[in-house]
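Structure assessment
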Amino acid sequence: MGVVLRNLQNVVPLRRAKLRKDVEVLRHIFGVQRFDMGIICVDNRRIQRINHVYRKKNQPTDVLSFPFYEDLRPGKIPCVLQREEYNLGDIFLGVEYVMQQCKETSQDLHEALTVVTAHGICHLLGYRHETEEEWNEMQQKESYILSEFNRLTGSHLEPLTKRSTQDMRP
Amino acid sequence: MLKSVSRAVQLAARLSLSSSAPAVRPAPSLRRSFSRSFWSLSSSGAASGSRPRLLTATRALPTLSCGCGSLHTEGDKAFAEFLTDEIKEEKKIQKNKSLPKMSGGWELELNGTEAKLIRSLSGEKVTITFNVNNSIPPQLEEDPEHAQKSPEDEPEIVSTPNFVVEVTKPGVKSSLVFDCHFPEDEVGGSVSEQTGHGEGEEESDIFAIREVSFQPEGDVEWKETSYTLNTDSLDWALYDHLMDFLADRGVDNTFADELTELSTALEHQEYIKFLEDLSTFVKCK
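By the naming in an unreviewed UniProt entry, chain B is Complement component 1 Q subcomponent-binding protein, mitochondrial, taken from Cyprinus carpio carpio.

An unreviewed UniProt entry annotates chain A as YbeY metalloendoribonuclease of Cyprinus carpio carpio. For chain A, the Cofactor (unreviewed entry) comment in UniProt is given as "Zn(2+)". For chain A, the Sequence similarities (unreviewed entry) comment in UniProt is given as "Belongs to the endoribonuclease YbeY family."

Next comes the structure, spelled out in structure tokens:
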């Protein structure tokens with residue numbers, strides 16, 4: 001399988017091939033190339049609805065992660081016994097929300113989406129940021145991942161700053 | 001395998017997956033499931049053209065006297081009255097009296113139920129062709145407990161036709177042809193399975209490419225010897241490049257949404273016209 005990419009919105013012009021290419025590099029750096037993953041790009045209306053349903057927060061956000069394996073030790077690659085379990089889960093990218101943030105910060109949309117996706121994959125691998133300690137651990141991981149990404153691709157991505165994006169747990 | 005592009009559009013028009021009746025268009029104020037379901041008694045369905053024999057030849061038909069020479073029965077009279085009401089109601093709920101415009105400078109050409117959208121972009125010509133026949137997906141039967149809904153709760157009828165995109169570059173004899181469709185919603189994935197995520201949340205792309213092929217430019221016969229790429233088992237990176245290619249030529253999710261609005265309006269328009277022609281045909285002249 002690999003990465004199932006879906007674009008369910010028409011607000012933001014998306015370069016699917018570029019997003020997929022960047023996600024493949026991230027998967028390689030994380031060491032999860034064998035695992036399937038879903039990346040679903042949605043607008044503010046949809047991400048707000050999902051945020052409301054699953055986290056009781058009636059507002060749009062940049063990313064929501066739905067891990068296949070819950071309660072993973074942060075960064076632990078799942079031990080898989082059957083082929084159908086090579087699945088990390090789904091990441092919903094609030095592309096409209098990210099685009100709005102990019103306009104404020106003059107950042108490139110697709111670079112921002114790559115950073116946000118890295119954050120989402122960290123959540124799929126058990127990282128959380130509900131406490132200061134957890135946040136520091138997650139940010140360390142993100143910094144490493146993105147520095148490797150930059151080294152391999154010549155980009156200059158930086159991890160997300162401390163913000164309101166929460167761990168995705170219903 | 002698809003034939004000529006125009007025939008491809010006809011063949012690509014969605015056939016009802018049901019073995020019986022085609023997609024039902026409910027009357028706005030009165031369900032017409034009874035009259036439609038009569039056709040479903042035929043094993044091959046109305047879509048195939050066979051007609052159930054409702055009246056045997058040995059029974060005399062109740063006729064009305066008329067000088068025009070055609071058969072006119074009491075049933076025809078009731079039918080004509082029914083159609084008059086039906087046409088009135090359909091016109092009342094008609095959303096768009098004129099067809100909605102597409103953004104992006106697309107020129108619309110109509111030929112009955114077939115529509116063409118044409119656009120030029122830096123010398124390239126992009127043509128989208130679709131047919132509104134059989135373009136309304138069948139609506140699944142509800143659970144009997146929830147079957148009794150008020151008219152306001154009825155799902156909106158939306159036409160989602162298969163469509164063919166032809167991209168022709170100047171000086172190149174062949175066009176790159178994409179057979180596209182509006183996929184049924186995907187079910188599954190960790191979210192759906194674990195959390196019943198289907199709560200009205202679709203997880204399919206708005207539209208998808210099914211096949212890609214090089215074909216002679218224009219409305220000529222489909223070249224069977226041209227390789228046709230099927231996306232079912234295609235490398236996903238290649239698929240994304242193809243989608244980006246279309247998006248750069250104005251065939252993106254915004255286009256797809258507007259296409260369904262146009263198709264829905266056209267289908268309704270053609271349906272009303274059909275009812276009017278039917279009424280004229282049935283009535284005593």
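Within chain B, the secondary structure is distributed over 6 helices and 7 strands. The secondary structure elements of chain B, listed N-terminal to C-terminal, are α-α-α-β-β-β-β-β-α-β-β-α-α. Relative to its full complement of 285 residues, chain B shows a buried share of 40%. Within chain B, contacts between residues separated by at least 24 positions form 64% of all contacts whose residues are at least 6 apart in sequence.

This paragraph deals with the overall build of chain A. Regarding its fold elements, chain A presents 5 helices and 4 strands. Secondary structure elements in chain A, listed N-terminal to C-terminal, are β-α-β-α-β-β-α-α-α. If one aligns the C-alpha atoms of chain A with their principal axes, the spans along those axes are about 40 × 40 × 35 Å. Counting all 170 residues of chain A, 56% fall into the buried class. Considering only intrachain contacts with a sequence separation of at least 6, the fraction spanning at least 24 residues in chain A is 69%. If you sum the accessible surface of chain A, you get close to 7900 Å²; carbon and sulfur atoms cover 47% of it. Distance from the positive charge centre (24 side chains) to the negative charge centre (23 side chains) of chain A: 5 Å.

Residue and element names in this part refer to chain B. Read across the open sheet, the 7 strands follow the order β1-β2-β3-β4-β5-β6-β7; overall the sheet is antiparallel. This sheet does not close on itself; its edge strands, each paired only once, are β1 (107-111) and β7 (228-230). Between one strand axis and the next, the sheet turns by 20 degrees as a mean value, whatever way the strands run. Bridging between strand β5 (residues 174-181) and strand β6 (residues 208-216) involves 8 bridges; their strand directions are antiparallel. When the bridges of β6 are listed, H181 appears paired with A208. Contacts between helix α6 (residues 253-282) and the sheet are confined to β1, β2 (114-121), β3 (124-131) and β4 (163-168), with β3 contributing the most and set at about 45 degrees to the helix.

Here the focus is the state of the cysteines. Residues and elements named next belong to chain A. The final tally for this structure, using the stated rule, is 0 disulfides over all chains. There is no disulfide at C102, and the cysteine sulfur nearest it, in C41, is 13 Å away. You can see C122 has no disulfide; the closest cysteine sulfur is in C41, sitting 18 Å from it. Judged by relative accessible area, which is 0%, C122 ranks as buried.

This brings us to unusual backbone geometry. Backbone geometry at K56 of chain A places phi at a positive 55 degrees, although glycine is not the residue there. Mapped onto the elements of the fold, K56 of chain A is located in the loop between α2 (44-55) and β3 (63-67).

Another point: the packing of helix α1 (residues 16-30) of chain A against helix α4 (residues 109-124) of chain A. Residue and element names in this part refer to chain A. Following both chains from N to C, one finds α1 and α4 inclined at 35 degrees, their axes separated by 10 Å at the closest point. Seen from above, α1 lies across α4 with right-handed handedness. On the side of α1, the interface is formed by K18, L19, D22, V23, L26 and F30, while α4 contributes H110, L113, T114, T117, A118, I121 and C122. For the contact of α1 with α4, the class distribution of residues is 8 nonpolar, 3 polar and 2 charged.

Let's shift gears to the pattern of salt bridges. A side chain of one charge can pair with a side chain of the opposite charge when the charged atoms of the two come close. Summed over the entire model, instances satisfying the criterion amount to 16 salt bridges over all chains. Notably, a salt bridge pairs K92 of chain B with E89 of chain B, separated by 3.3 Å at the nearest N-O pair. With a gap of 3 residues between them, K92 of chain B and E89 of chain B both fall in helix α3 (residues 74-93), about one helical turn apart. Residues D179 of chain B and R210 of chain B are paired through a salt bridge, measuring 3.7 Å at the closest nitrogen-oxygen approach. Remark: R210 of chain B occurs in strand β6 and D179 of chain B occurs in strand β5; sequence separation between them is 31 residues. A single salt-bridge network, built from bridges that share partners, covers R6, R16 and R20 of chain A together with D205 and D240 of chain B.

A separate point is α6 of chain B. For α6 of chain B, spanning 30 residues, the distance from its first C-alpha to its last is 43 Å, which sits close to the expected 44 Å at 1.5 Å a residue. Between the side-chain oxygen at the start of α6 of chain B and the backbone nitrogen of T254 of chain B there is a gap of 3.3 Å, and the oxygen is on D252 of chain B.

Moving on to the sheet that holds strand β1 (residues 3-7) of chain A. Residues and elements named next belong to chain A. With respect to topology, 4 strands assemble into an open sheet ordered β1-β2-β4-β3, the strand pairing being mixed. The open sheet terminates on both sides in strands that have one partner only, identified here as β1 and β3. Each strand of the sheet is rotated relative to its neighbour by a mean of 15 degrees, with strand direction disregarded. Looking at chain direction, β1 and strand β2 (residues 36-42) are connected through 5 bridges and run parallel. Pairing of R6 across the sheet is with I40, part of β2. Sheet strands in contact with α2 are β2, β3 and β4 (87-94), and its direction is about 50 degrees off that of β3.

Let us look at the pairing of β3 of chain A. All names here are of chain A. For β3, a buried count of 5 out of 5 residues is recorded, marking the element as mostly surrounded by other parts of the structure. The side-chain alternation of β3 yields two buried faces, one formed by V63, S65 and P67 and the other by L64 and F66. Summarising the sheet, β3 and β4 pair through 5 bridges and their orientation is antiparallel. Within β4, the residue paired with V63 across the bridge is L93.

On to the packing of aromatic side chains, then. Summed over all chains, the structure comprises 9 aromatic pairs over all chains. Note on Y54 of chain A and F66 of chain A: the rings are 5.3 Å apart at their centroids and 90 degrees apart in plane angle, and the pair reads as edge-to-face. Here Y54 of chain A is found in helix α2, whereas its partner F66 of chain A is found in strand β3, with 12 residues between them in sequence. A relative accessible area of 9% means that Y54 of chain A is categorised as buried. Feature note: the residues W106, F163, F182, F207 and F255 of chain B constitute an aromatic cluster, connected by ring pairs. Residue placement shows R249 of chain B over the ring face of F245 of chain B; its charged tip is 3.7 Å from the ring centre.

Here R73 of chain A lies in the loop between β3 and β4. R73 of chain A sits 53 residues away from G126 of chain A along the chain, and the two C-alpha atoms are 5.7 Å apart.

Criteria and cut-off values
- Residues numbered from 1 in each chain as written.
- Chains lettered and ligands numbered in written order.
- Predicted model: local features only at pLDDT ≥ 70, side-chain atom pairs only at ≥ 80, totals over all residues.
- Heavy atoms only, no water.
- UniProt positions renumbered as here; feature names shortened; annotations may be inferred.
- Helix = DSSP H or I, 4+ residues; strand = E, 2+ residues; numbered from the N terminus.
- Buried < 20%, exposed > 50% of the residue type's maximum accessible area, 1.4 Å probe, protein only.
- Contact = heavy atoms within 4.5 Å.
- Areas by Shrake-Rupley, 256 points an atom, 1.4 Å probe, with all protein chains shown as cover.
- Lys, Arg positive; Asp, Glu negative; His and termini not counted.
- Charge placed at Lys NZ, Arg CZ, Asp CG, Glu CD.
- Pairing = 2+ DSSP bridges.
- Axes fitted to C-alpha atoms, helices over the stretch in contact; angles between N-to-C directions.
- Disulfide = S-S within 2.5 Å.
- Left-handed = near helix turned anticlockwise from the far one by under 90°.
- Nonpolar A, V, L, I, M, F, W, Y, C, P; charged D, E, K, R; others polar.
- Salt bridge = Lys/Arg side-chain N within 4 Å of Asp/Glu carboxyl O.
- Expected span 1.5 Å × (residues − 1).
- Polar contact = N/O pair within 3.5 Å; in protein donor to acceptor, adjacent residues only side chain to side chain.
- Phe/Tyr/Trp six-rings, centres within 6.5 Å; stacked < 30°, edge-to-face > 60°.
- Lys NZ or Arg CZ within 6 Å of the ring centre and 35° of its normal.

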